[in-house]
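Commentary on secondary and tertiary structure
Letter by letter, the chains look like this.
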Amino acid sequence: MKILLTIGDMSITGGAERVVANLANMFVQNGHNVQILSFFRANASIPYALDERVNLAYMYEQGEGALKAQGGAFKRFYMKNLFKFFVSLRVWRAYQADCVIANDWIYTPFFKHKRTHYVKVLHLNFSRYNKRNNYFDTLVLLSHAEISHYTPHHKNVCIIPNFLPTLPTQTTDYTQKIVLSVGRMDSGDQKGFFRLIDIWEMVVKQTQTDSQNGWQLHIVGDGVLRQELQKTIQSKGLQDSIILKPFTKDIEQEYLNASIYAMSSYYEGLPMVLI
């Protein structure tokens, strides 16, 4: 089977990007012809390892933000109203696959091949139903918690949870005084890192006279909010107990170095950091 996976930007770190890498590797290892189409490319290299048999292509050799920043009012109108149709047309012309699996909100199959099955993986929770979902043959949800929201709108909805390609074999040492949180530091603060800092400030104030204190909060990730997060930490005098650490491909070691995982997200689908 020829499978095409779409993603906004395969060169950035995030749960959806990790899922696409996992899916692509799994499919190709089971004998399928796999292609990944990344619409944007903010970075020169990709953060997640791909099997050498997976074909990765980019539609634009720049990040989404950089592309949108170019041009004036007409460009903004085009990106908001016409870009999605142009993307769909380019995919229709350039790719003929047995199955297209979309993992983003950039691609919608307005133009279709008759023999292609179009699948949409919904990586976030339900806020409102988007009618663009109706262009897909199948919607994939990550958990049963959301299915009742989608079935009134779409006739073919299924559940396929996110997965790990391999199961960890090591267990953490729970005497380590480290709380861990991992995620992309995007604008909008979906991961809730600012409120996690506020919570940590409360914890420090309540335990500052405790002789058994000495705990640290490690936040691992990168993104546009990183400097603002660092400034907030410093303004609260927490720079000795909150450590911002960059993205790492050896993320398992960060988990093994911690005793507690803290998730402060405002919304999630089925987060890879939790799995």
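Scroll up to find the structure this text is about.
Residues numbered from 1 in each chain as written. Predicted model: local features only at pLDDT ≥ 70, side-chain atom pairs only at ≥ 80, totals over all residues. Heavy atoms only, no water.

Examining empty space enclosed by the protein
Evaluated as defined, the whole model comprises 2 cavities of 30 Å³ or more. For the largest cavity, the calculated volume is near 50 Å³. Around the largest cavity sit L4, V91, W92, Y95, A97, V100, Y107, F111, H113, T116 and Y118, which together line it. Residues of the lining of the largest cavity, tallied by class, amount to 9 nonpolar, 2 polar and no charged. Volume-wise, the second largest cavity comes out at about 40 Å³. Lining the second largest cavity are S181, V182, K191, F193, Y261, M263, S264, S265, E268 and V273. Its residues placed into classes, the lining of the second largest cavity shows 5 nonpolar, 3 polar and 2 charged. (1 Å grid on protein atoms, 1.4 Å probe; cavity = no way out; pocket = protein on both sides within 12 Å on 5 of 7 lines; lining within 4 Å. Points joined across faces, edges and corners; volume = space filled by probe spheres on them. Nonpolar A, V, L, I, M, F, W, Y, C, P; charged D, E, K, R; others polar.)

Things to note about the sheet that holds strand β10 (residues 242-245)
Strands belonging to one sheet form pairs held by backbone hydrogen bonds; the direction of such a pair is parallel or antiparallel. Overall, parallel pairing links the 4 strands, which are arranged β10-β9-β8-β11 in an open sheet. Sheet topology places β10 and β11 (260-261) at the edges, where each strand pairs with a single neighbour. One ladder, built from 4 bridges, connects strand β9 (residues 216-220) with β10; its direction is parallel. Looking at β10, one finds that H218 is bridged to I243. Against the sheet, helix α6 (residues 193-207) contacts β8 (178-182), β9 and β10, and its axis sits at roughly 175° relative to β9. (Pairing = 2+ DSSP bridges. Helix = DSSP H or I, 4+ residues; strand = E, 2+ residues; numbered from the N terminus. Contact = heavy atoms within 4.5 Å. Axes fitted to C-alpha atoms, helices over the stretch in contact; angles between N-to-C directions.)

Digging into the layout of surface pockets
Gaps left between atoms show up when a probe the size of a water molecule is rolled over them. In this model, the second largest pocket occupies a volume close to 190 Å³. Lining the second largest pocket are V19, L23, F27, I101, V119, V121, V140, L142, I160, P161, N162 and F163. Sorting the residues of the lining of the second largest pocket by element identifies α1 (15-29) and β5 (117-121) as the ones contributing at least two each. With 3 residues, the single largest contributor to the lining of the second largest pocket is α1. The class makeup of the residues in the lining of the second largest pocket is 11 nonpolar, 1 polar and no charged.

Examining the packing of helix α3 (residues 73-81) against helix α4 (residues 83-94)
For the pair α3 and α4, interaxial distance at closest approach is 4 Å and the crossing angle is 60°. On the basis of the axis angle, α3 is oblique to α4. Contacts between α3 and α4 involve Y78, M79, K80 and N81 on the former and, on the latter, F83, K84, F85 and F86. A per-class count over the contact of α3 with α4 returns 5 nonpolar, 1 polar and 2 charged. (Parallel < 35°, antiparallel > 145°, perpendicular 65-115°, else oblique.)

Regarding the packing of aromatic side chains
The tally for this structure, following the rule as stated, stands at 13 aromatic pairs. Seen from their ring centres, F110 and Y135 are 4.8 Å apart, and the 75° between their planes marks the pair as edge-to-face. Taken together, the residues span a long stretch of sequence, with F110 in the loop between β4 (99-102) and β5 and Y135 in the loop between β5 and β6 (138-141) at a distance of 25 residues. On the accessibility criterion, Y135 (36% relative accessible area) is partly exposed. Seen from their ring centres, F126 and Y150 are 5.0 Å apart, and the 90° between their planes marks the pair as edge-to-face. Pair noted here: F126 is in the loop between β5 and β6 and Y150 is in helix α5 (residues 147-150), with a separation of 24 residues, a long-range link. Judged by relative accessible area, F126 falls into the partly exposed class, the value being 21%. We note R90 situated over the ring of Y60; from NZ or CZ to the ring centre the distance is 5.7 Å. Geometry around Y266 places R195 over its ring, the cationic atom sitting 3.8 Å from the centre. (Phe/Tyr/Trp six-rings, centres within 6.5 Å; stacked < 30°, edge-to-face > 60°. Buried < 20%, exposed > 50% of the residue type's maximum accessible area, 1.4 Å probe, protein only. Lys NZ or Arg CZ within 6 Å of the ring centre and 35° of its normal.)

A word on α4
Between its first and last C-alpha atoms α4 spans 16 Å; for 12 residues at 1.5 Å apiece the expected length is 16 Å, and the two agree. F83, K84, V87, S88 and V91 are the residues of α4 that are buried. Across the axial projection of α4, the buried residues extend over an arc of 135°, all falling on one side. On its buried side, α4 packs onto β1 (2-9), β2 (33-40) and α3. (Expected span 1.5 Å × (residues − 1). Arc of directions from axis to C-beta.)

Read these as spatial facts, not as claims about activity.
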